Amino acid sequence: MSLKLPDKWIWDNWFAFDGKNHHMFYLHASRALGDPDRRHRNVVVGHAISSDLENWKVVRDALTNSDSPAFDSYTTWTGSVIQDDEGLWWMFYTGTSREDGGNIQSIGAATSKDLLVWEKLGNQAVVEADPRWYETMDSPGADSTACRDPWVFRFPGKPLWHMLFTARAKQGEFRERGVVGHATSSDLRNWTVQPPLSAPGQGFHELEVLQLAVVDGVPLLLFACGWKNISDERLAVVGPTNLTYSLVVDPELESLDFTKAKPFEDHPIYAGRVVFDLKLGWNLMGFNDLVEGKFVGDVPDPFPVTANKTEGMIRR
């Protein structure tokens, strides 16, 4: 087992590589809560280090919620880590606020010189859902504002930073409003929210924990979705299982068609991330979700994967 903590549940995780070691950042909460559904509001961002993706050393936690008032005074949720051109590490992460009851998600940032000690940019979010394009609490039928799970990257050879995030469209059949949120920045501090990169009506209510990666030459967009948040047509195919999906995409992320997304059913982990290791190649990481209806909450061993243009991510 890669990482199992007897006193904590672990779920969403994301990774950084410092040239020698892999760093896994992960959401965790105390099993003393009793009900695993309570973990979402009692969460801390943990941190562990490994040289091989299998043996992990837990180090000091990376982030926890801020004092009020702040965009993250209630929770700190899933994010991603990148390194800028000066060597500074940036973590973009999801926050919810006690001031609004935790129903409005937004995205903030923290920086670190060593991946161990993190300093938040402040108490304000850097990206929020723009009601011109995205569903918010004011949209008909909405009970929350989805703006979470940031994935930050640059296209090769281009200076502009891009952020993908989980979002929903303002209109469309409720269970199919999931879209790829998009924002851009030239300096990582100041972000401009853009229209979504995909259209609603493609079978998903939400596209969680997005990741863009070129796996063995094939550009993929990975995401996760629970079975309660997919269309009836897709549910009839995959059944009542929470799954990680992959979509073969154009390298510039044009014309995203999620009706072509393929579920990865060779391994039952949720919120899967692909991680490249110099010795092991590409591997799928994530967390053990539900087994026989019971939440597990640990990180299994890396699972070797590759990709092709027909099936997307596949077992290696």
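All values derive from a computational prediction rather than experimental measurement.

A. Expanded view of the overall build of the chain. Assigned secondary structure in the chain consists of 1 helix and 21 strands. Dimensions along the principal axes, computed over C-alpha positions, put the chain at roughly 50 × 45 × 45 Å. Across the 316 residues of the chain, 57% fall into the buried class. Within the chain, contacts between residues separated by at least 24 positions form 54% of all contacts whose residues are at least 6 apart in sequence. If you sum the accessible surface of the chain, you get close to 13900 Å²; carbon and sulfur atoms cover 49% of it. Positive and negative side-chain charges in the chain, numbering 31 and 43 respectively, have mean positions lying 2 Å apart.

B. Highlighting the side chain of Ser-231. Mapped onto the elements of the fold, Ser-231 is located in the loop between strand S14 (218-225) and helix H1 (232-238). Look past the residues within four positions of Ser-231 in its chain and what remains in contact with it is Arg-175, Glu-176 and Gly-203.

C. Region of the structure containing the environment of Val-275. Counting through the fold element by element, Val-275 comes out in strand S17 (residues 270-277). Through-space distance from the C-alpha of Val-275 to that of Val-305 is 9.7 Å; in sequence the pair is 30 residues apart. Not counting chain neighbours up to four residues away, the residues in contact with Val-275 comprise Phe-15, His-22, Leu-53, Gly-281, Trp-282, Asn-283 and Met-285.

D. Molecular detail of the sheet that holds strand S2 (residues 22-30). Strands sit in the order S1-S2-S3-S4 across an open sheet of 4 strands; the sheet is antiparallel. Two strands close off the open sheet at either side, each with one partner strand: strand S1 (8-17) and strand S4 (57-63). Strand-to-strand twist in this sheet, taken as the mean axis angle between neighbours without regard to direction, amounts to 30 degrees. Judged from the 4 bridges that link them, strand S3 (residues 44-50) and S4 form a sheet pairing that is antiparallel. Pairing of His-47 across the sheet is with Val-59, part of S4.

E. Looking closely at the layout of surface pockets. Looking at the largest pocket, its volume works out to about 1000 Å³. Residue lining of the largest pocket: 31 residues in total, with Arg-39, His-40, Arg-148, Glu-208 and Asn-229 positioned closest to the centre. Taken together, the elements giving at least two residues each to the lining of the largest pocket come down to S1, strand S5 (75-83), strand S9 (148-154), strand S13 (208-215) and strand S18 (281-291). Counting residues per element, the lining of the largest pocket draws most heavily on S18, at 3 residues. Roughly 760 Å³ of volume is contained in the second largest pocket. Forming the walls of the second largest pocket are 30 residues, and the residues nearest its centre are Trp-151, Gln-211, Leu-212, Ala-213 and Trp-282. Within the residue set of the lining of the second largest pocket, elements represented by two or more residues are S1, S5, S9, S13 and S17.

F. Just the pattern of salt bridges, in detail. This model, assessed by the stated rule, comprises 11 salt bridges. In this structure, Glu-206 engages Arg-148 in a salt bridge whose closest nitrogen and oxygen atoms are separated by 2.8 Å. Here Glu-206, found in the loop between strand S12 (192-194) and S13, pairs with Arg-148, found in strand S9; they are 58 residues apart in sequence, far enough to count as distant. Through salt bridges with shared partners, a single network forms among Glu-135, Arg-148, Asp-149, Arg-168, Arg-177, Glu-206 and Glu-208.

G. Inspection of the sheet that holds strand S16 (residues 262-264) at higher detail. Spatially, S13-S14-S15-S16 is the arrangement adopted by the 4 strands of the open sheet, whose pairing is antiparallel. The open sheet has two edge strands, S13 and S16, and neither has a second partner. Neighbour-to-neighbour, the strand axes of the sheet open up by a mean angle of 30 degrees, direction not taken into account. By the bridge criterion, 3 bridges tie strand S15 (residues 243-248) to S16 in an arrangement that is antiparallel. Residue Ser-246 lies in a different strand from S16, and its bridge partner there is Lys-262.

Scoring rules and cut-offs
Residues numbered from 1 in each chain as written. Predicted model: local features only at pLDDT ≥ 70, side-chain atom pairs only at ≥ 80, totals over all residues. Heavy atoms only, no water. Helix = DSSP H or I, 4+ residues; strand = E, 2+ residues; numbered from the N terminus. Buried < 20%, exposed > 50% of the residue type's maximum accessible area, 1.4 Å probe, protein only. Contact = heavy atoms within 4.5 Å. Areas by Shrake-Rupley, 256 points an atom, 1.4 Å probe, with all protein chains shown as cover. Lys, Arg positive; Asp, Glu negative; His and termini not counted. Charge placed at Lys NZ, Arg CZ, Asp CG, Glu CD. Pairing = 2+ DSSP bridges. Axes fitted to C-alpha atoms, helices over the stretch in contact; angles between N-to-C directions. 1 Å grid on protein atoms, 1.4 Å probe; cavity = no way out; pocket = protein on both sides within 12 Å on 5 of 7 lines; lining within 4 Å. Points joined across faces, edges and corners; volume = space filled by probe spheres on them. Salt bridge = Lys/Arg side-chain N within 4 Å of Asp/Glu carboxyl O.

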